[in-house]
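# Structure at a glance
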Amino acid sequence: MPTIACPRCGDDEDLTGEQRDEAIVLTCGACGHRWDRDTRPACRLCGAEDIEGIRTSTLEEAGRAGVRTPSGIRLVYYCWDCGGLDVTSSSPRPGPNPPPGGSRDLRALRGR
Ligand SMILES: [Zn+2]
Ligand SMILES: [Zn+2]
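Residues numbered from 1 in each chain as written. Chains lettered and ligands numbered in written order. Predicted model: local features only at pLDDT ≥ 70, side-chain atom pairs only at ≥ 80, totals over all residues. Heavy atoms only, no water.

## Considering the overall build of the protein chain
The condition that has to hold: Numbering of helices and strands starts at the N terminus; helices are DSSP runs of H or I of at least 4 residues and strands are runs of E of at least 2. When a residue's accessible area, from a 1.4 Å probe over protein chains only, is under 20% of the maximum for its type it is buried; when over 50% it is exposed; and in between it is partly exposed. Any pair of residues with heavy atoms lying within 4.5 Å of one another is described as a contacting pair.
Check the secondary structure of the protein chain and you find 2 helices and 5 strands. Counting helices and strands in the order they occur from the N terminus, the protein chain gives β-β-β-β-α-β-α. Taken over 112 residues, the protein chain has a buried fraction of 29%. Sequence-distant contacts in the protein chain: of pairs separated by 6 or more residues, those separated by 24 or more amount to 35%.

## A word on the pattern of salt bridges
Put simply, the rule is: Definition used for salt bridges: Asp or Glu carboxyl oxygen within 4 Å of a side-chain nitrogen of Lys or Arg.
Taken as a whole and judged by the stated rule, the model has 1 salt bridge. Among the salt bridges present, the one from Glu 18 reaches Arg 34, with a minimum N-O distance of 3.6 Å. With Glu 18 in strand β1 (residues 15-20) and Arg 34 in strand β3 (residues 34-38), this residue pair connects regions lying 16 residues apart in the sequence. A relative accessible area of 38% places Glu 18 in the partly exposed class.

## Quick notes on the coordination of the zinc ion (ligand 1)
Basically, it comes down to this: Only nitrogen, oxygen and sulfur atoms qualify as donors, and only when within 2.8 Å of the metal (3.2 Å in the case of Na, K and Ca); with water excluded, sites may look incomplete. For a four-donor site, all angles between 85 and 135 degrees give tetrahedral; for four or six donors, opposite pairs above 155 degrees with the remaining angles between 65 and 115 give square planar or octahedral; all remaining cases count as irregular.
Protein ligation of the zinc ion (ligand 1) involves Cys 6 (SG), Cys 9 (SG), Cys 28 (SG) and Cys 31 (SG), the donor distances falling in the range 2.3 to 2.4 Å. Geometry at the zinc ion (ligand 1) is tetrahedral, judged from the 4 donor atoms that bind it and their angles of 107 to 112° at the metal.

## A closer look at the nonpolar core
For the record, the criterion: Grouping buried Ala, Val, Leu, Ile, Met, Phe, Trp, Tyr and Cys residues that are joined through side-chain atoms within 4.5 Å yields what is termed a nonpolar core.
Listed in full, the 6 residues of the largest apolar core are Cys 43, Ala 48, Ile 51, Tyr 77, Cys 79 and Val 87. Ranked by size, the runner-up nonpolar core spans 5 residues in total, among them Ile 54, Val 76, Tyr 78 and Leu 85.

## Quick look at the coordination of the zinc ion (ligand 2)
Around the zinc ion (ligand 2), the donor atoms from the protein are Cys 43 (SG), Cys 46 (SG), Cys 79 (SG) and Cys 82 (SG), and they sit 2.3 to 2.4 Å away. What the 4 donor atoms of the zinc ion (ligand 2) show is an angle range of 106 to 115° at the metal, which sorts the shape as tetrahedral. Here the donor residues of the zinc ion (ligand 2) are spaced in sequence according to C-x2-C-x32-C-x2-C. Taken together, the residues Cys 46 in the loop between β3 and β4 (51-57) and Cys 82 in the loop between β5 (73-79) and α2 (105-109) connect sequence positions 36 residues apart. Relative accessible area serves as the criterion here: at 40%, Cys 46 is assigned to the partly exposed category. A relative accessible area of 26% means that Cys 82 is categorised as partly exposed.

## Notes on unusual backbone geometry
Across the junction of Gly 95 and Pro 96, the peptide omega takes the value 0°, indicating a cis bond. Tracing the backbone shows Pro 96 in the loop between β5 and α2. Positive phi outside glycine occurs at Asp 86, with the angle close to 60°. Along the chain, Asp 86 turns up in the loop between β5 and α2. On the basis of relative accessible area, Asp 86 is assigned to the buried category, the value being 14%.

## A few points about the side chain of Ser 89
Rules: N or O atoms within 3.5 Å of each other form a polar contact, as long as, within protein, one can give a hydrogen and the other can take it, and as long as residues adjacent in sequence are counted only when both atoms are side-chain atoms.
Mapped onto the secondary structure, Ser 89 falls in the loop between β5 and α2. Its relative accessible area of 16% is what places Ser 89 among the buried residues. A distance of 3.0 Å separates a polar side-chain atom of Ser 89 from the backbone oxygen of Asp 86.

This is the structure:
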């Protein structure tokens, strides 16, 4: 996680966060400033927030062919910055990896 600091005074120690729907409302204890921080996860490998959540079947990696569970689909985050895969998990796979899903279309969708 990149360090969060107050955008007004730069303090990064006296911050309190409050989960609210999709966002986290942060309050700076030093100057009283409040602001929203969205909960976009960041790459654990390089800290970039330029990551893409991609629905991936877990069937292959589970190695239990033919066994379908309702949780067979999960979101895997791919980092456009360093090419890491599953970068929000506790065991990210360092890049460069090809974008999951064999897709260049994702970039197109993002208007890049
Ligand atoms: Zn502040
Ligand atoms: Zn990264």
